[in-house]
Amino acid sequence: MDGIDHLADERNKAQFDVDAMKIVWAGSRHAFEVSDRISKLVAADPGFRKDNRPMLGRNELFKNTLRKAAYAWKRIIELHLSEEEAAKLRFYVDEPAYTDLHWGMFVPAIKGQGTEEQQQKWLPLAYKMQIIGCYGQTELGHGSNVQGLETTATFDPQTDEFVIHSPTLTSSKWWPGGLGKVSTHGVIYARLITDGRDHGVHGFIVQLRSLEDHSPLPGITVGDIGMKFGNGAYNTMDNGVLRFDHVRIPRDQMLMRVSQVTREGKYMQSDVPRQLVYGTMVYVRQTIVADASCALSRAVCIATRYSAVRRQFGSQDGGPESQVIDYKTQQNRLFPLLASAYAFRFVGEWLKWLYTDVTQRLQTNDFSTLPEAHACTAGLKSVTTTATADGIEECRKLCGGHGYLCTSGLPELFAVYVPACTYEGDNIVLLLQVARFLMKTVSQLGSGKKPVGTTSYMGQIEHLMQCRSNVQRAEDWLKPSAILEAFESRAARMSVACAQNLTKFTNPEEGFAELSADLVEAAVAHCQLIIVSKFIEKLLQDIPGKGVREQLEALCNIYALFLLHKHQGDFLSTGCITAKQASLANDQLRSLYSQVRPNAIALVDAFNYTDHFLGSILGCYDGNVYPKLYEAAWKDPLNDSVVPEGYHEYIRPLLKQNLRTARL
Ligand SMILES: CCCCCCCC/C=C\CCCCCCCCCCCCCC(=O)SCCNC(=O)CCNC(=O)[C@H](O)C(C)(C)COP(=O)(O)OP(=O)(O)OC[C@H]1O[C@@H](n2cnc3c(N)ncnc32)[C@H](O)[C@@H]1OP(=O)(O)O
Ligand SMILES: Cc1cc2nc3c(=O)[nH]c(=O)nc-3n(C[C@H](O)[C@H](O)[C@H](O)COP(=O)(O)OP(=O)(O)OC[C@H]3O[C@@H](n4cnc5c(N)ncnc54)[C@H](O)[C@@H]3O)c2cc1C
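Keep in mind that what you see is a predicted model, and the values were worked out from it rather than measured.

Cut-off values and rules
Residues numbered from 1 in each chain as written. Chains lettered and ligands numbered in written order. Predicted model: local features only at pLDDT ≥ 70, side-chain atom pairs only at ≥ 80, totals over all residues. UniProt positions renumbered as here; feature names shortened; annotations may be inferred. Helix = DSSP H or I, 4+ residues; strand = E, 2+ residues; numbered from the N terminus. Contact = placed C-beta atoms within 7 Å. Near = placed C-beta within 6 Å. Nonpolar A, V, L, I, M, F, W, Y, C, P; charged D, E, K, R; others polar. Buried ≥ 20, exposed ≤ 12 C-beta atoms within 10 Å, placed from the backbone. Expected span 1.5 Å × (residues − 1). Pairing = 2+ DSSP bridges.

Enquirer: Honestly, the UniProt feature "binding site: FAD" (unreviewed entry) in the protein chain in this entry has me stumped. Any pointers?
Expert: Under the feature "binding site: FAD" (unreviewed entry), the UniProt entry names Thr138 and Gly177. These annotated residues cover 40 residues of sequence, but their C-alpha atoms sit close together, with the largest distance between any two at 10.6 Å. Counting through the fold element by element, Thr138 comes out in the loop between β1 (133-136) and β2 (152-156). Setting aside its immediate chain neighbours within four residues, Thr138 contacts Gly143, Lys173, Trp174, Trp175 and Pro176. Locating Gly177 in the fold gives a position in the loop between β4 (173-174) and β5 (185-194). With near-sequence residues (within four places) excluded, Gly177 lies in contact with Tyr98, Asp100, Leu101, Cys134, Met237 and Asn239.

Enquirer: For this particular structure, what's the right way to read the site of ligand 1?
Expert: With respect to spatial proximity, 33 residues lie near ligand 1, and among them Ala86, Gly104, Tyr278, His374 and Gly425 are the closest. Going through the elements one at a time, α5 (83-93), α6 (98-113), α8 (279-309), α10 (370-398) and α12 (427-443) are the ones with two or more residues in the shell around ligand 1. With five residues, α6 is the largest single contributor of residues to the shell around ligand 1. Its residues assigned to classes, the shell around ligand 1 shows 15 nonpolar, 13 polar and five charged.

Enquirer: Sorry if this is basic, but what is going on with the UniProt feature "active site" (unreviewed entry) in the protein chain here?
Expert: With numbering aligned to this structure, UniProt lists the feature "active site" (unreviewed entry) at Glu424. Note on placement: Glu424 falls in the loop between α11 (410-417) and α12. Take Glu424: there are 24 C-beta atoms within 10 Å of it, and that puts it in the buried class. In this structure, Glu424 is in contact with Met281, Val284, Arg285, Ile288 and Lys381, ignoring residues within four places of it in sequence.

Enquirer: Help me understand helix α9 (residues 328-363), please; the structure alone is not making it clear to me.
Expert: Because an α-helix completes one turn every 3.6 residues, residues spaced three or four positions apart along the sequence face the same direction. Compared with the 52 Å implied by 1.5 Å per residue over 36 residues, the 52 Å span of α9 between its first and last C-alpha is a close match. Positioned one or two residues after α9, Asn365 has a phi angle of 60°, which is positive.

Enquirer: What's the story with the sheet that holds strand β7 (residues 220-224) in this structure? I'm lost.
Expert: Whether parallel or antiparallel, the strands of a sheet pair through hydrogen bonds between backbone atoms. Read from one edge to the other, the open sheet built from three strands follows the order β4-β8-β7, with strand pairing classed as antiparallel. Pairing within the sheet leaves two strands with one partner each, and these edge strands are β4 and β7.

Enquirer: I would appreciate a short explanation of the site of ligand 2 in the present structure.
Expert: Lining the immediate surroundings of ligand 2 are 22 residues, of which Gln137, Thr138, Gly143, Ser144 and Trp175 lie closest. Elements that contribute at least two residues to the shell around ligand 2 include exactly β1 and α12. In terms of residue count, α12 provides more of the shell around ligand 2 than any other element does, three residues in total.

Enquirer: Is there a simple way to explain the pairing of strand β3 (residues 161-165) in this structure?
Expert: Successive side chains on a regular strand alternate, one facing one side of the sheet and the next facing the other. Only one face of β3 is buried, namely the one carrying Phe162 and Ile164, since none of Glu161, Val163 and His165 on the opposite face is buried. Sheet topology places β2 next to β3; five bridges connect them, and they run antiparallel. Paired with Thr152 across the two strands is His165, which belongs to β3. Turn length for the β2-β3 hairpin, with the two strands adjacent in sequence and antiparallel, is four residues, and the turn residue Asp160 shows positive phi of about 60°. As defined by bridge partners, β3 adjoins strand β9 (residues 247-250) across four bridges and the pair is classed as antiparallel.

Here is the structure:
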């Protein structure tokens with residue numbers, strides 16, 4: 001606006017090489033270059049404007065999303081973008097759309113659960129977007145309990161077809177994104193019935209709409225489920241309702257990698273575990289963890305820049321007031337979130353590796369790491385999305401009153417993000433899965449079966465059950481070994497305590513239900529240990545760039561010590577640390593905040609977000625917040641006229657009536 005960088009002084013304070021940190025954040029130089037190029041391309045294109053979203057009515061909003069999705073596809077083709085570049089383009093367009101489900105779930109479901117033949121038939125159509133697909137699992141009556149789904153797929157040997165049917169109101173498909181108004185096809189989950197026998201839930205490719213005029217095919221009732229939380233936000237998505245009235249599909253449209261139905265109607269299972277039917281969810285949970293660091297870093301970038309711009313109190317001798325970022329309370333709320341954004345980035349990278357590894361093993365029928373992959377994706381999805389949703393809301397509060405304005409970008413970011421705590425598995429339901437995995441691990445400890453992967457720390461259970469932290473000075477908390485031992489012993493002791501309590505119940509399922517709140521806490525402790533240990537492992541790698549490693553070490557320590565402070569009840573009650581050591585951790589945390597303070601703006605610059613992507617006046621790169629806020633207010637449609645519409649109908653008569661009353 002005035003061409004001045006109002007945050008220049010802050011940027012000059014940085015003690016590390018920001019460009020090198022940008023590469024660490026992106027994952028590699030190549031990833032940085034792709035991301036940088038595509039984000040600028042999107043930002044410069046008026047076709048991807050998004051600042052008017054909160055003002056649009058639903059129909060207008062939705063049509064605008066359809067236009068953008070079509071335009072994005074046109075640009076992808078015109079520019080011959082690779083799959084990686086196309087995914088980045090969708091990311092920077094930053095508008096939830098049916099394409100997320102098409103590319104993010106429909107295509108992966110066919111890839112993961114379809115046979116070679118099925119993949120050859122359907123994937124080319126999906127890749128060219130000649131068909132558009134959704135993921136139709138959840139129903140009105142059941143989401144978490146997948147085994148409770150009611151839609152049926154009954155094999156008819158006479159015609160070699162499945163008959164898909166919604167027998168009850170609660171069996172109506174409810175929630176699938178892209179289903180409401182767009183998808184031509186869906187991977188639909190239904191109970192497979194052959195010869196009167198129920199074989200449980202399986203996936204089927206079902207055509208829903210005509211490829212000629214988009215009308216629903218015979219027997220199909222389909223529509224949108226209605227407005228969701230927040231203005232704009234996730235209302236760009238057509239989450240849908242769908243009912244089947246005896247809809248017939250050919251037998252070869254059952255996804256048959258895990259199990260098959262023969263021409264004669266015989267049900268056969270391959271050697272692969274039935275849980276592979278849930279494989280698409282495992283894949284998406286892994287992407288959601290990577291996405292948590294994006295959403296949190298975005299909110300943190302806004303709150304950090306604004307905290308450096310905003311001044312309140314503390315003026316001395318007529319000088320400027322204090323920047324709110326210098327208040328220790330502001331730092332204590334903001335810097336752990338900054339550290340969490342980095343921590344989630346690195347654990348997301350690791351989880352991607354784990355997922356790739358398990359997928360390669362599955363190709364060779366090695367299913368040994370599947371339970372670990374399920375527990376890690378479920379647990380980390382849960383812990384990172386909960387912290388991110390809470391963190392975005394905290395960032396809104398960190399921005400005071402202006403954070404509540406839509407132009408801060410934070411209300412819409414929160415509204416779009418918060419369902420991540422529910423979709424792809426309710427966070428509590430997923431933590432209970434982790435708890436089951438932990439209880440199984442503890443029960444096998446004496447059996448000679450060595451715990452592996454993320455539970456390998458349980459291999460030293462005797463030591464972890466009785467060790468005492470040897471921290472004596474605040475600086476001792478900077479040793480990775482001191483942090484790891486505290487987190488490992490806390491996680492181990494919480495799991496073992498649950499396992500011991502479970503033995504008091506004659507019925508294990510009853511015991512599990514009764515102790516579920518404690519089990520969830522044990523699962524959280526285990527997942528936080530994974531995040532801390534993956535951050536520490538990251539620091540063992542070669543990290544080029546002046547001062548970059550030092551900054552990451554400070555952030556890693558802030559992440560771990562803040563968790564230790566927040567959950568000190570766990571650490572103290574299990575006897576892993578003493579009250580004195582908890583207090584020393586807090587002392588160390590304060591001095592880490594002072595270390596990060598001069599680098600805070602540079603650390604959020606390292607995310608390399610364009611102003612378009614941030615979509616926030618408070619977070620704009622140049623920090624010129626006040627003129628921009630002032631100008632934006634006048635652009636609000638309510639200010640199109642000085643005297644509002646409705647004055648003559650509703651305000652004037654009121655004022656006149658008051659005048660008459662006053663005269664009386
Ligand atoms: C030119 C090219 C151009 C390319 C252009 C590209 C552009 C790309 C653009 C964009 C891409 C965007 C990508 C974006 C990503 C997607 C966006 C997401 C948007 C949001 C979507 C949301 C979708 C949904 O919500 S779908 C519905 C999700 N539903 C759930 O998650 C339900 C949760 N419930 C469950 O998972 C299960 O019911 C359960 C696990 C809770 C319980 O299941 P159960 O009853 O069957 O099991 P048990 O508890 O009895 O356990 C038995 C046994 O099984 C083990 N188990 C359970 N689950 C799994 C699993 N998944 N994997 C492995 N093992 C599992 C369990 O541990 C038990 O084991 P035991 O050993 O104990 O027996
Ligand atoms: C924005 C959005 C997009 C979605 N997109 C899709 C999609 O594309 N495709 C699709 O198929 N689905 C989709 N879903 C559905 C989503 O996957 C489910 O809503 C989700 O899995 C949670 O299930 P539920 O709604 O049945 O919750 P419920 O299970 O009914 O949860 C209600 C409460 O009960 C608790 N609870 C449930 N079971 C237990 C238990 N065993 N122990 C303790 N507590 C429990 C939960 O913690 C929660 O507090 C979407 C949902 C949303 C919000």
